[in-house]
Structures are given as C-alpha cells and as structure tokens.
Amino acid sequence: MEIVTVGSYAEMSEIAAKIMIGELKKCPRAVLGLATGSTPLGLYKMLADAYKRGEISFRGVRSVNLDEYVGLGADNGNSYASFMNERLFGHVDILRENTYLPNGLAEDLQSECRRYDSLLDALPRNIQLLGIGSDGHIGFNEPGTSFIERTHIAELAKSTVTDNSRLFECGQAVPERALTMGIADIMSAEKILLLANGKNKAKAVWGMVSGQVTEDCPASILQRHKNVTVVLDGDAASLL
Ligand code: F6R
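Peer 1: Hey, could you go over the site of the ligand for me, with residue numbers and the actual values?
Peer 2: Taken together, 13 residues lie around the ligand, and Thr 39, Asp 67, His 137, Gly 139 and Lys 201 are the ones closest in. Taking Gly 139, its main chain carries an N or O atom lying 2.7 Å from an oxygen atom of the ligand. When the free accessible area of the ligand is taken as 410 Å², the share hidden by the protein chains comes to 94%. Taken together, the residues of the shell around the ligand sort by class into three nonpolar, seven polar and three charged.

Structure below.
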C-alpha cells in the first residue's frame with residue numbers, strides 16, 4: 001500500500017487527478033470504477049477541466065459506479081446517477097451508454113445485483129476509485145460484510161445514514177438501503193486509488209492501514225491488494 005500524505009484537500013485532489021489522467025493517457029479505453037460522495041468532488045472538477053483543456057478524452061472510457069441508493073432513480077437529485085451526471089459525466093465526452101450504476105429502482109433487487117455482477121465480470125476495472133466511510137466502509141460494504149461478497153443490498157449503518165444526511169435537504173428521507181458492488185469485485189480491480197480527507201476519517205484510515213485485516217473494518221482488506229495508492233490530507237492521516 002502506497003500512502004501519500006498531503007497538506008490539503010486541493011492537493012489530495014490534484015494528486016488523484018494526476019493518477020487518473022495518467023491512466024487515461026496510457027489507456028484511452030480504460031474501465032474506471034467510480035465513487036460518489038464529497039471526497040471525489042475536487043478530483044472530478046479537475047478531470048472535467050483537463051478534458052476542457054484537451055488533455056484527456058473520455059470517448060473510449062467505460063465507467064462502473066460502486067453503488068446507488070435503493071428507491072432513487074436518475075431523475076432524483078439525491079441519487080448517485082444524478083450526482084455522476086452533474087459532477088462528471090455532464091462535463092466530459094463520455095458516452096452515456098458506457099456509464100453504469102446499479103439500478104436503485106429495479107423491481108427485483110436480487111436480479112439487479114446478479115445483473116451488475118455479470119456487468120462487472122465483463123468490465124474488469126483498470127482503476128477503482130474509493131472513498132472511505134467514517135466506520136471503515138468502502139462502497140457501501142459496512143462493517144461485518146464478508147470479504148467474498150459480490151453486489152448486494154446493503155443496510156446502511158446508522159453512522160453512514162447520519163454522515164450521508166448532510167447531502168440531503170432538511171426533511172428529505174435519507175435512504176437506509178443501497179445496492180453496492182461487493183468487496184470481491186473492488187479487490188479485482190487492477191489498481192485501487194483511495195482518497196480520504198478530514199478528521200472524521202482518521203480512525204477508519206488507521207484501521208485500513210495499520211489495523212488487523214478484519215471484516216469489522218472493511219477497508220482493511222486493501223492491505224491484501226497488490227496495487228493500492230492511498231492519498232490523505234493531514235487530518236485523515238493524523239492517527240498514523
Ligand atoms: C460512494 C461510496 C462511499 C463513500 C464514503 C465516503 O460511492 O461508495 O463508500 O466513498 O461513504 O463518503 P464521502 O466522500 O461523502 O465522505
């Protein structure tokens with residue numbers, strides 16, 4: 001695991017952008033595993049800017065997202081489909097038909113999980129971008145999730161629902177279930193890039209980097225992946 005600690009969120013995003021841009025230049029038809037949430041916002045802005053400068057193109061890229069809330073579709077502003085459209089896809093030349101997320105509106109959620117597994121089998125990720133939850137989750141694989149799990153319906157931990165509520169307007173119900181790529185599929189990516197910033201991530205980051213490999217801290221499994229880069233700001237790295 002390569003750990004890079006920097007002074008600020010902007011620097012973290014810059015290093016991440018350099019890594020992603022390098023990947024896209026090396027492999028213009030790359031399959032990107034993508035994440036949502038606050039952490040990658042700076043990175044996505046930098047990727048959109050690099051596209052506008054003509055430095056990179058997403059024309060040949062396919063993307064597979066980690067997760068989606070159960071019950072929310074692309075037309076709901078709180079869905080991850082809508083997040084990706086607003087934060088990245090709408091600003092670059094990626095073909096929408098080459099972007100994939102689990103369908104949170106599927107009638108049969110179990111079949112949707114199996115459909116997503118087949119998709120993941122067909123689209124091995126060159127690079128998987130990850131954030132980390134304050135409880136150590138990656139994707140929405142919460143503590144206690146088996147390391148061999150594939151796409152499944154996750155019951156979000158109370159702390160995750162609380163963390164996520166900041167992105168919802170007052171009075172809007174925060175979903176308590178999500179469809180998430182499993183840890184087995186996260187681990188099958190060729191390279192993993194995990195970003196974390198802020199004091200509230202410090203304990204989870206410690207567990208991921210220095211703790212025992214245990215399903216109680218899902219991110220700790222990354223110690224067993226052969227090509228992981230972790231980029232942290234000083235606050236997230238403060239317990240290391
Ligand atoms: C998002 C995802 C989650 C987030 C994590 C951190 O697609 O899979 O694991 O990366 O919850 O969220 P933020 O970045 O909002 O702190």
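Peer 1: I'd like a rundown of the nonpolar core, residues and numbers included.
Peer 2: Counting residues in each nonpolar core, the largest one holds 71 residues, and the members touching the most others are Leu 32, Leu 43, Tyr 44, Leu 47, Phe 58, Leu 194 and Leu 222. Of all the elements, helix α1 (residues 9-26) adds the most residues to this core, at six residues. The contacts of Leu 43, once residues within four sequence positions are left out, are Ser 13, Ala 16, Ala 17, Met 20, Leu 129 and Leu 195.

Peer 1: Explain the sheet that holds strand β8 (residues 177-180) to me, using residue names and the numbers behind them.
Peer 2: Read across the sheet, three strands follow the order β4-β8-β7 without closing on themselves; strand pairing throughout is antiparallel. Each edge of the open sheet is held by one strand with a lone partner, namely β4 (67-69) and β7 (152-155). Along the sheet, successive strands turn relative to each other by an average axial angle of 30 degrees, direction set aside.

Peer 1: How would you summarise the layout of surface pockets if you had to cite specific residues and measurements?
Peer 2: When its volume is computed, the largest pocket comes out at roughly 440 Å³. Gly 37, Thr 39, Ile 132, His 137 and Lys 201 are, among the 24 residues lining the largest pocket, the residues nearest its centre. The leading source of residues in the lining of the largest pocket is helix α5 (residues 158-164), at three residues. Looking at the lining of the largest pocket residue by residue, the classes come out as seven nonpolar, 13 polar and four charged. The calculated volume of the second largest pocket comes to roughly 260 Å³.

Rules behind the numbers
Each chain carries its own residue numbering, running from 1 in the written order of its sequence. Where local features are concerned, this predicted model is filtered to residues with pLDDT of at least 70; where side-chain atom pairs are given and counted, the filter is 80 or more; whole-chain, interface and lining totals use all residues. In computing side-chain values, all of the structure's heavy atoms are included and hydrogens and water are not. Only a single heavy atom is needed: when it lies within 4 Å of a molecule or strand, its residue is near that molecule or strand. What qualifies as a polar contact is a pair of N or O atoms within 3.5 Å, subject to a donor-acceptor requirement within protein and to the restriction that residues adjacent in sequence count only when both atoms come from side chains. Only the protein chains shown count as cover for residues, with accessible areas throughout obtained via the Shrake-Rupley method and a probe of 1.4 Å. For this classification, the nonpolar set comprises Ala, Val, Leu, Ile, Met, Phe, Trp, Tyr, Cys and Pro, the charged set comprises Asp, Glu, Lys and Arg, and every other residue, Gly included, is treated as polar. As used in this record, nonpolar core signifies buried Ala, Val, Leu, Ile, Met, Phe, Trp, Tyr and Cys residues forming a set joined through side-chain atoms within 4.5 Å. When a residue's accessible area, from a 1.4 Å probe over protein chains only, is under 20% of the maximum for its type it is buried; when over 50% it is exposed; and in between it is partly exposed. A run of DSSP states H or I qualifies as a helix once it reaches four residues; a run of E qualifies as a strand once it reaches two. Both are numbered from the N-terminal end. Should any heavy atoms of two residues lie within 4.5 Å, those residues are considered in contact. A pair of strands is treated as paired once DSSP finds two or more bridges between them. Where helices are involved, their axes are fitted lines through C-alpha atoms of the stretch in contact, as for all axes, and angles between N-to-C directions lie from 0 to 180°. Using a 1 Å grid laid over the protein atoms alone, points where a 1.4 Å probe fits but cannot get out form a cavity; open sets with protein on both sides within 12 Å along at least 5 of 7 lines form a pocket; any residue with an atom within 4 Å of a point counts as lining. Grid points are joined across faces, edges and corners, and a volume is the space filled by probe spheres set on the points.

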